[in-house]
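# Report on the structure
Each chain, written out:
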Amino acid sequence: MDKVVDLYLNDSSTRRKWKHFLEKLGLNNFSSREIDVIDHTLGLVDDDGNLVGTGSIAGNVLKYIGVCNEGAQPGARFNKIVTALQQYIFNQKIFHSFVFTKAKYSKSFQHLGFNELAHTKQAAFLESGTPDVNAFLDTIPKVKDQKNKKVAAIVMNANPFTLGHRHLIELASQENDLVYVFVVATNASLFNTDERMKLVQAGTADLKNVFVVSGGDYMVSRATFPAYFLKFPDDLVATQTQIDANVFKNIIAPRLFINSRYIGTEPFSRTTSFYNQSLIQVLEPSIKVVLVPRFEVNGQVITATKVRQLIKDDNLAAIQKLVPSTTMDFIKNNKEILQDRIKKGMNIDGN
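The shown structure was predicted, so the numbers you read here are calculated from the model rather than taken from an experiment.

### Some thoughts on the side chain of His96
Relative to the assigned elements, His96 resides in strand S5 (residues 96-102). Of note is the side chain of His96, whose polar atom sits 3.2 Å from the backbone oxygen of Pro131. A polar side-chain atom of His96 sits 3.4 Å from a polar atom in the side chain of Tyr218. Setting aside residues up to four positions removed in sequence, His96 forms contacts with Asn60, Glu127, Ser128, Gly129, Thr130, Pro131, Asp132, Asp217 and Tyr218.

Next comes the structure, spelled out in structure tokens:
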């Protein structure tokens, strides 16, 4: 009878066997981006001690699930490893979980109580437990007669909040009755989630028709979306964008009566530019996508990346022209903390 065991991937021999097993099943990305976030891994071994199934946990996301069905009833090993993973996270007091999987396995997860949030030809995104997406949407503030209002949305990381972000929000505020600013909740930035949220709130406090809210688990971050089950690395951005856009289009926007989404042009990042084009393809015509040229000061495009670099270079004077006073005050008051995070290896590149 198959037995569930703990697998410790810091043991090189165990990791090699685990990786070889998954490679035979067609999983192929074992980069540090994928592996380093794993909190725990379980294995399924048969009576002869052979690895016949495995699955990992990263936070509340199930990863690297794979089973060999040879000599077993169809679905039995899959059910056993997923159930064991669920039990493991329950014991960690985590009662809400997600999985990104190949689209063909979505039904298998649904049979175990997962609810599909979105899918593409390649991938599916599902959740299980509580609080679920409906509970998340119940926490978001609304206004009277919202279904008859012009409601816009903006999704941003704001790492940190700049005058460029402010320009985008201010424009949306002028053109709509209500604007939701969803701040990405993944804690993988120089400015942590709580800091970014507070900076956006402080920087838009005068815009009374703007609600700044957390993106929660539903503004799917590239930091959490896995690439290991995709055949080609370039598929990651396209698939992740489609999943993200479909959750927004089919679940979030209808509940909040959102009819437009504002995004900034991206002159520097090929990835983000591609992401924007994918959003337009998925959301329109149901949701109008408003593409706004990036804000410039003295001919210079403002980017959060530039601000982070200036923090590293200890050039606060140059930052003054790029951010609101609320962000500037925070940077001045926390300069040493931010610079220490950079010295300890926090990545400041990207968007």
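### Re the sheet that holds S5
With mixed pairing, seven strands are arranged side by side in an open sheet as S1-S2-S3-S4-S5-S7-S6. The sheet is open, and its two borders are formed by strand S1 (3-7) and strand S6 (115-119), each paired with just one other strand. In this sheet, neighbouring strand axes are inclined to one another by 25° on average, regardless of whether the strands run parallel or antiparallel. Judged from the six bridges that link them, strand S2 (residues 40-45) and strand S3 (residues 51-58) form a sheet pairing that is antiparallel. Counted as the bridge partner of His40 is Ile57 from S3. The strands touched by helix H1 (residues 12-24) within the sheet are S1, S2, S3 and strand S4 (61-67), with S3 carrying the most contacts at an inclination of about 105°.

### A closer look at the pattern of salt bridges
Enumeration over the complete set of coordinates arrives at nine salt bridges. Among the ionic pairs, Arg77 bridges to Asp2, the shortest N-O distance being 2.7 Å. Placement of Arg77 in helix H3 (residues 76-91) and of Asp2 in the segment before S1 is noted, with a sequence separation of 75 residues between them. The class of Asp2 is buried, set by a relative accessible area of 17%. Here the salt bridges do not stand alone but share partners, grouping Arg166, Glu170 and Asp206 into one network.

### Quick word on the pairing of strand S11 (residues 260-264)
Look at any regular strand and the pattern is simple: side chains alternate between the two faces of the sheet. Of all the five residues making up S11, four are buried; the element is thus mostly covered by neighbouring parts of the structure. In terms of strand pairing, S11 meets strand S12 (residues 288-292) through five bridges, oriented parallel. By the bridge assignment, Ser260 is partnered in S12 with Lys288.

Rules used in this analysis
Residues numbered from 1 in each chain as written. Predicted model: local features only at pLDDT ≥ 70, side-chain atom pairs only at ≥ 80, totals over all residues. Heavy atoms only, no water. Helix = DSSP H or I, 4+ residues; strand = E, 2+ residues; numbered from the N terminus. Polar contact = N/O pair within 3.5 Å; in protein donor to acceptor, adjacent residues only side chain to side chain. Contact = heavy atoms within 4.5 Å. Pairing = 2+ DSSP bridges. Axes fitted to C-alpha atoms, helices over the stretch in contact; angles between N-to-C directions. Salt bridge = Lys/Arg side-chain N within 4 Å of Asp/Glu carboxyl O. Buried < 20%, exposed > 50% of the residue type's maximum accessible area, 1.4 Å probe, protein only.

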